[in-house]
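# Structural overview
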Amino acid sequence: MPKLNENYQNLKESYLFSEIAHRVGAYTAAHPDKEVIRLGIGDVTLPLGSMAIRGLHSGVDAMADPGTFKGYGPEQGYLFLRNAISGYYARNGVCVDPEDIFISDGAKSDTGNISELFDADNIILIPDPVYPVYVDSNLMSGKTITYMSGNAENQFLPMPDRHIHADIIYLCSPNNPTGAVYNKSQLKEWVDYALENEAVILFDSAYEAFICDPGLPRSIYAVEGAKKCAVEFCSLSKTAGFTGTRCGYTVVPRELKFKCSDGRELSLHAMWNRRQSTKFNGTSYIIQKGAKAVFSPEGMAQCQENIRYYQENARLIADTLARKNIPFFGGIHSPYIWFECPDGMESWQFFDYLLGHAQIVGTPGAGFGQNGRCYFRLTAFGSHENTKKAMERFEALF
């Protein structure tokens, strides 16, 4: 009889979005005549830009020619894409060596898998509310988590407490689910804290392309010293609409070195490279050709056009909440709008109420942590038509 990983018993019975799908499925089966508008899961709806499509086609064509056919590629990603991403960072004023960039199938995989590099005997600091993958991936391996409180008082941007030591720190900016964004001085505090504690920051910047204020950092490496203490995760899912195409990247600087228990020095870059080479065969060549095209000037212009479309949806949602005097966060540098549930309702209660009375699907804040119990998240990834219709229903309801 196998001995199972009993840490799985510490997880919630179902993943947040699985529970949402279950409840929506039950409602639509019982009310087939009702039109349900989904503003819950953060999935894009606009098609890929023509440059990305052209890049994907070039990859497919290469596979049809014996002279250009590709088999197994480098687990770290093709250099043509790593160079393109390095150039993207440079255009945003940040220097990242292509050799420090690892191509993957998305930030979700990498933020989950990175926990393998760390022993269970670490103090792990995770904000609450938070993207569930950070929590669940650590619980799966038996790690203990310390939570730092994100709340309305600190604008859902928790800052370091010098009286608490941490070894591993998870940060997400722009934040999922709250839409809050750290400014440069706030990130500098976190970098200074990590360096003082010899800690590592796991920085999720999957939504950086939504930042429209040039004064806000789109990478933690905009902060001096960050390469000595931070790993950065990014994704084309929201930047370029690759949720179904799957491509992301993680930056692990070679400066990230820490002492082992026997006094030897270990490189996180070397460890991640070894992990990926052992457990990952690399992202598809075809997908990487499409991703490279995304980082061209024309490709990025097309991405920004789609992002502006979603930002207009966010404005529609935010304006509705403002008219109803419902406190909210996000919606400017993020596709997410995070707001207090009306009438003192808790989030799952509000989920059922909104679905039952207005046929709108959102995401209960409780799924992101204790501090989200009385909050709710809507996404801007629907169509203009559906977002407008949903907000008309919402306004009539309240």
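Above this text sits the structure in question.
Read on for a plain summary of the structure. The shown structure was predicted, so the numbers you read here are calculated from the model rather than taken from an experiment. (Residues numbered from 1 in each chain as written. Predicted model: local features only at pLDDT ≥ 70, side-chain atom pairs only at ≥ 80, totals over all residues. Heavy atoms only, no water.)

### Concerning the pattern of salt bridges
What the rule picks out here adds up to 16 salt bridges. For the salt bridge of Asp 319 with Arg 315, the shortest nitrogen-to-oxygen distance reads 2.5 Å. Remark: Arg 315 and Asp 319 occur in helix H10 (residues 297-323); sequence separation between them is four residues, near one turn of the helix. Using a relative accessible area of 31% as the deciding quantity, one classes Asp 319 as partly exposed. Accessibility expressed as a relative area gives 39% for Arg 315, which makes it partly exposed. Among the ionic pairs, Arg 323 bridges to Glu 395, the shortest N-O distance being 2.9 Å. (Salt bridge = Lys/Arg side-chain N within 4 Å of Asp/Glu carboxyl O. Helix = DSSP H or I, 4+ residues; strand = E, 2+ residues; numbered from the N terminus. Buried < 20%, exposed > 50% of the residue type's maximum accessible area, 1.4 Å probe, protein only.)

### Side note on the pairing of strand S7 (residues 230-235)
In terms of burial, S7 is largely enclosed, as six of its six residues are buried. Residue alternation in S7 divides its side chains into two sets, Ala 230, Glu 232 and Cys 234 and Val 231, Phe 233 and Ser 235, and both sets are buried. Across four bridges, strand S6 (residues 200-204) lies against S7 in parallel orientation. Residue pairing across strands places Asp 204 opposite Phe 233, the latter belonging to S7. Sheet topology places S7 next to strand S8 (residues 248-251); four bridges connect them, and they run antiparallel. For Ser 235, the partnering residue across the bridge sits in S8 and is Gly 248. (Pairing = 2+ DSSP bridges.)

### A few points about the sheet that holds strand S2 (residues 101-104)
In any sheet, the strands associate via hydrogen bonds between backbone groups, in a parallel or an antiparallel arrangement. Here we have seven strands laid out as an open sheet, ordered S2-S8-S7-S6-S5-S3-S4, and mixed in their pairing. Across the chains shown, the open sheet's two edge strands, defined by having one partner strand only, are S2 and strand S4 (145-149). Neighbouring strand axes in the sheet, compared pairwise and without regard to direction, differ in orientation by 25 degrees on average. Here two bridges tie strand S3 (residues 124-128) to strand S5 (residues 168-172), and the two strands are oriented parallel to one another. Bridge pairing links Ile 124 to Ile 168 in S5. Together, S3, S4, S5 and S6 form the strand contacts of helix H6 (residues 184-197), whose direction differs from that of S5 by roughly 165 degrees. (Axes fitted to C-alpha atoms, helices over the stretch in contact; angles between N-to-C directions. Contact = heavy atoms within 4.5 Å.)

On their own, these measurements won't tell you what the molecule is for.
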